[in-house]
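Understanding the architecture of this molecule
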Amino acid sequence: MTDQTQTSLDLLRAVPLFSGLNIEEMTHLAQELVRVELPEGELLYSAGEPTDGLFVVSSGQLQLLDESGSPLEALGYADLIGKEALEYLPLRQESVRAFSDSQVYFLPNYQVKRLYAEIPAFRETASVLFNSARLAAQISMSWLEPGEKIYLMARKHTIFLLFRSIPPIASFAVLWLLLVLLRSKQPLWSLLGLAVGFLGCLLWLIWNINNWANDYYLITSRRMVWVEHVTGIYDSRQEAPLSTLISVGIKTSQLGAFFGYSDVIVRTYIGDIRFERVAHAHIIGKLIETNWARGKRLDLDLDAHEIRKALRQKFGKEAENITAKDLQAEIGVVEPAPKEIIFFQWLFSDFVRIRQDVGNTITYRKHWMILLKKTF
C-alpha cells in the first residue's frame, strides 16, 4: 500500500458517509481517489457548473458560497464537498473557494454510482444522513452554540408514532359507536357529544404527534444530546461532550428486531446517553464513532496549532525545537509529592467526600447517603 493510499484510507475512515464500508471496500475506494491541490483563494468549482463528482477535504479550510458569493459554511478536515453528486443533481448549487492552501480528494460520478449500486451499507448510511439533514433543517434549536454543526439527528422509529396514534383514534371509534347506539333516544345530544368527542380526540392525537416529533437525538461537533419535550408538561435535555465518549453499543429486543428498531447506548465518562428505539441503529452507532474520531483529530490539530503559535510568540523560535525542559521552566511544572493520610484524618476530614485525591490517584466512591440507607 502506497503512502498516498494510506493517507486516503485514513481520511475515508473519518468521513461519516463511508462509515458503513468494510476495510476491503474502503481500501479499494481509497485507491480510486484523486488528490487535488488548491492554493488560497482559488475556486474549486462555481454554481451552475456540471456536477462531476464528490470531494473530501484532507487539509486546509474551504468556504461554501451562495450565488452572490456570500459565505454559507466553513469546511474542514473530512467534510464532504459537492453533495449534488449524491443526489444526482446535474448542476452545482453553490460555489466553493479555498480559504487557505488546501488539499482535497476527488471521487468521480461513476464511482459514486457504483457505491450506491454495489454496497447496501453505503445506501443506508446516505439515507440516514439525508434524513438527518432534512430533519435538522425543520427544527429550530436556538440553544446551539455559534459555529456548532449538527452531524446527526434522529427520532424514535415511526412505529412509535403509530402506537401513539392508536389510543385517540380508538377512543373516538368507541365513542362514535356508543353515540350511534344512543342516537334514537337523544339525537341532538348524540350529535353534540360526537362533535365534542371528535375535537377532544383530535387534540389528543395532535398532542401525541407533537410529543413524538419533539423527542429526538443529536450528535453535533461538540456534544451528544437527547432532547425530550412534552407539550405543556416539561422540557428535558440530557447531553455529554463528544470528547467524553467511551464506547457505543447496540441493544435489540425481540420486538425491536421484528419492527426494525434498537437502542444505541453511548457510554461516556459522565453517564450514558441512550438513543432509544431508533431505526438503522447499527448505522447510527458507526456514525457516532466516526464523528467522535473526527472530533478528536480536529481538537488535536487545533490544540497543536494554538500551542505552536503561543510558543513561537514566547520563545521566538520554531515550536518543534522547544524542549520539554523549556516548557517546564516556563510554566513551572512541579511533580507533587504523595501525601500520607492517617486513619483519623481520613475518618474526620474525608469521610463524607465522594472524590478523594491522593497524589496522582483519584478515587471515587458512592454517595454517603447510600451508606446511611444500607445502615438503616
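Quick look at the structure, then. Treat the numbers as computed from the prediction; the structure is a model and nothing was measured.

Calculation notes
- Residues numbered from 1 in each chain as written.
- Predicted model: local features only at pLDDT ≥ 70, side-chain atom pairs only at ≥ 80, totals over all residues.
- Heavy atoms only, no water.
- Salt bridge = Lys/Arg side-chain N within 4 Å of Asp/Glu carboxyl O.
- Buried < 20%, exposed > 50% of the residue type's maximum accessible area, 1.4 Å probe, protein only.
- Core = buried A, V, L, I, M, F, W, Y, C linked by side-chain atoms within 4.5 Å.
- Contact = heavy atoms within 4.5 Å.
- Helix = DSSP H or I, 4+ residues; strand = E, 2+ residues; numbered from the N terminus.
- Axes fitted to C-alpha atoms, helices over the stretch in contact; angles between N-to-C directions.
- Parallel < 35°, antiparallel > 145°, perpendicular 65-115°, else oblique.
- Left-handed = near helix turned anticlockwise from the far one by under 90°.

This paragraph deals with the pattern of salt bridges. Within this structure, the stated rule accounts for 14 salt bridges. A salt bridge links R237 to E239, with the nearest nitrogen and oxygen atoms 3.0 Å apart. A relative accessible area of 43% means that R237 is categorised as partly exposed. Each of E148, R223, R237 and E239 takes part in one network of salt bridges that share partners.

Core analysis: the largest hydrophobic core is formed by 50 residues, its most contacted members being L17, F18, F275 and I288. Not counting chain neighbours up to four residues away, the residues in contact with F18 comprise L12, M26, L29, L54, V56, L80, L107, L115 and F122. If you look at the next biggest cluster of nonpolar residues, it comprises 13 residues, including L38, V57, I81 and F106.

Unusually for a residue other than glycine, R277 sits at a positive phi of about 55°. Note on placement: R277 falls in strand β15 (residues 271-279). With a relative accessible area of 39%, R277 lands in the partly exposed category. Residues other than glycine seldom take positive phi values, yet H280 does so here, at roughly 55°. Mapped onto the elements of the fold, H280 is located in the loop between β15 and α8 (281-315).

Remark: helix α1 (residues 3-13) packs on helix α2 (residues 23-32), axes separated minimally by 8 Å, with the N-to-C direction vectors making an angle of 125°. Judged by the angle between their axes, α1 and α2 are oblique. Read as a crossing pair, α1 and α2 show a hand that is right-handed. Judged by residue contacts, T5, S8, L9, L12 and R13 of α1 engage I23, M26, T27, L29, A30 and Q31 from α2.

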